[in-house]
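Each chain is listed here by its residues.
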Amino acid sequence: LPLIATPHLANLCAHLIGDGSLRMNNGGGSLRFYGKRGKLLKIAKIYELLFNKKVNLIKRDRPWDKGFKIDFPDTHVAKLFSYLGVPIGDKIICSFKVPIWIINGNQEIKRAFLQGLCDDELEGVQKEKDRPNSWHGLKFKMSKKKELINEHVNFLEQLRDLFEEFDVKTTEVKIAYNQSFKRKDGNISYPAYFRILNRIPNRARFLKEIGFPMELKKQEKLIKSLEKY
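Let us look at the structure shown here. (Residues numbered from 1 in each chain as written. Predicted model: local features only at pLDDT ≥ 70, side-chain atom pairs only at ≥ 80, totals over all residues. Heavy atoms only, no water.)

What about the overall build of the protein chain?
Each helix and strand counted, the protein chain has eight helices and ten strands in total. Computed over C-alpha atoms, the radius of gyration of the protein chain comes to 18 Å, within 12% of the 17 Å expected from 2.2 N^0.38 for 229 residues, which places it in the range of a compact globule. Considering only C-alpha atoms, the protein chain reaches an extent of 55 × 40 × 40 Å along its principal axes. With 229 residues in all, the protein chain has 49% of them scored as buried. Across the protein chain, contacts joining residues at least 24 apart in sequence account for 65% of those joining residues at least 6 apart. About 12400 Å² of surface is accessible on the protein chain, with carbon and sulfur atoms providing 51% of the total. For the protein chain, the separation between the mean place of its 43 positive charges and that of its 27 negative charges on side chains is 4 Å. (Helix = DSSP H or I, 4+ residues; strand = E, 2+ residues; numbered from the N terminus. Rg over C-alpha atoms; globule rule 2.2 N^0.38 Å. Buried < 20%, exposed > 50% of the residue type's maximum accessible area, 1.4 Å probe, protein only. Contact = heavy atoms within 4.5 Å. Areas by Shrake-Rupley, 256 points an atom, 1.4 Å probe, with all protein chains shown as cover. Lys, Arg positive; Asp, Glu negative; His and termini not counted. Charge placed at Lys NZ, Arg CZ, Asp CG, Glu CD.)

Below, the structure is given as structure tokens:
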């Protein structure tokens, strides 16, 4: 496979870091993507364009999860994404950084990476209940086990730096120590987060430069939040 840095490759890396996962077991590897049908169809199209391999969506029928997934066994491609900086296994219990080829990439590569992560992990905007013309949201939140929380903060700071390159302003990173969670494996995790600043010019800048290209409902609400301005 030719290792050429492209926006498509950056976008798939982001989705694996976000709602997806990279698995390696007994020498074999697989890639998983989770989400709504519309988003996964777009991810599948990118995958097919990059690797000339057709992937199928699987409907999830769990009572608490009516979405879809892509579960694609492909050891060679899994090893490729690991080489590109995508963490293997449970992302809550391992540390990782923004891949250096993304940081050193051009604006389109950085944009595609941020778009993938925002589609998966950035909370959309919501109307304030008592203030019909006011909106809130755009929180980027991910959890990490407590022993790795400082490394996780560094990752979020890297994302803030990438947003800054598009002149999209963010808040400082905060750790929600009051939202600790004890997992079945005994690890305790905390969420850490930052927000896209909610000021109207900044929200408009985020829409123009990044937005939610695969999450159409989030995109529609973001556009609606700016209609009167």
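Having seen the structure, we can now continue with the description.
A few points about the environment of Gly67
The residue Gly67 is located in the loop between β3 (58-59) and β4 (68-73) in this model. It is 23 Å that separates the C-alpha atoms of Gly67 and Leu114, two residues lying 47 residues apart in sequence. Leave out the neighbours within four places in its chain, and Gly67 touches Gly35, Ile58, Lys59 and Arg60.

Digging into the state of the cysteines
For the structure shown, the criterion picks out zero disulfides. Note on Cys13: no disulfide assigned, nearest cysteine sulfur contributed by Cys94 at a separation of 14 Å. Cys13 gets classed as buried once you look at its relative accessible area, which sits at 0%. (Disulfide = S-S within 2.5 Å.)

A short note on a positive patch on the surface
A contiguous patch of positive charge, built from Lys36, Lys127, Lys217, Lys221, Lys224 and Lys228, is present on the exposed surface. Relative to the helices and strands, Lys228 resides in the segment after α8 (216-224). (Patch = residues over 30% accessible without salt bridge, like charges linked within 9 Å, V, L, I, M, F, W, Y side chains within 5 Å. Salt bridge = Lys/Arg side-chain N within 4 Å of Asp/Glu carboxyl O.)

Some thoughts on the environment of Ala44
Its location among the elements puts Ala44 in helix α2 (residues 37-51). Overall, the relative accessible area of 5% leaves Ala44 in the buried class. In contact with Ala44, other than residues within four places in its own chain, are Val55, Leu57 and Ile70.

Structural notes on the packing of aromatic side chains
Under the counting rule described, the total for this entry stands at nine aromatic pairs. A centroid spacing of 5.0 Å and a plane angle of 70° characterise the contact between Phe96 and Phe155, whose relative ring orientation is edge-to-face. Taken as a pair, Phe96 in the loop between α3 (75-83) and α4 (100-103) and Phe155 in helix α6 (residues 149-165) lie far apart in primary sequence, 59 residues in all. Side by side, Phe96 and Phe155 carry an identical accessibility label, which is buried. The interplanar angle of 70° and the centroid separation of 5.5 Å between the aromatic rings of Phe206 and Phe212 together place this pair among those described as edge-to-face. Just as Phe206 is buried, Phe212 falls in that class too. Over the ring of Tyr193 we find Lys139; its NZ or CZ atom is 4.6 Å from the centre of that ring. (Phe/Tyr/Trp six-rings, centres within 6.5 Å; stacked < 30°, edge-to-face > 60°. Lys NZ or Arg CZ within 6 Å of the ring centre and 35° of its normal.)

Some remarks on helix α5 (residues 107-121)
Spanning 15 residues, α5 covers 21 Å between terminal C-alpha atoms, matching the ideal 21 Å at 1.5 Å per step. The N-terminus of α5 is capped by Asn106, whose side-chain oxygen sits 3.1 Å from the backbone nitrogen of Glu108. (Expected span 1.5 Å × (residues − 1). Polar contact = N/O pair within 3.5 Å; in protein donor to acceptor, adjacent residues only side chain to side chain.)

A few points about the nonpolar core
Ranked by internal contacts, the top residues of the largest apolar core, which has 62 residues, are Leu31, Phe81, Phe113, Phe155, Leu159, Phe163 and Phe206. Dropping the residues within four chain positions of it, Phe206 is found in contact with Cys118, Leu122, Leu138, Phe163, Val168, Ile196, Gly211, Phe212 and Leu222. (Core = buried A, V, L, I, M, F, W, Y, C linked by side-chain atoms within 4.5 Å.)

As for the packing of α5 against α6
Where α5 contacts α6, the axes come no closer than 10 Å and their chain directions differ by 125°. In terms of their interaxial angle, α5 and α6 are classed as oblique. Where α5 crosses over α6, the two elements pack in a sense that is left-handed. Facing α5, whose interface residues are Gln107, Lys110, Phe113, Leu114, Leu117 and Cys118, α6 presents Phe155, Leu159, Leu162, Phe163 and Glu165. (Axes fitted to C-alpha atoms, helices over the stretch in contact; angles between N-to-C directions. Parallel < 35°, antiparallel > 145°, perpendicular 65-115°, else oblique. Left-handed = near helix turned anticlockwise from the far one by under 90°.)

Let's talk about unusual backbone geometry
With phi around 55°, Asn52 is a residue other than glycine that occupies positive phi space. Relative to the helices and strands, Asn52 is located in the loop between α2 and β3. Of the residues examined, Asn52 reaches a relative accessible area of 72% and is grouped as exposed. In this model, Asp167 sits at a positive phi of 60°, which is unusual for a non-glycine residue. Residue position: Asp167 is located in the loop between α6 and β8 (174-175).

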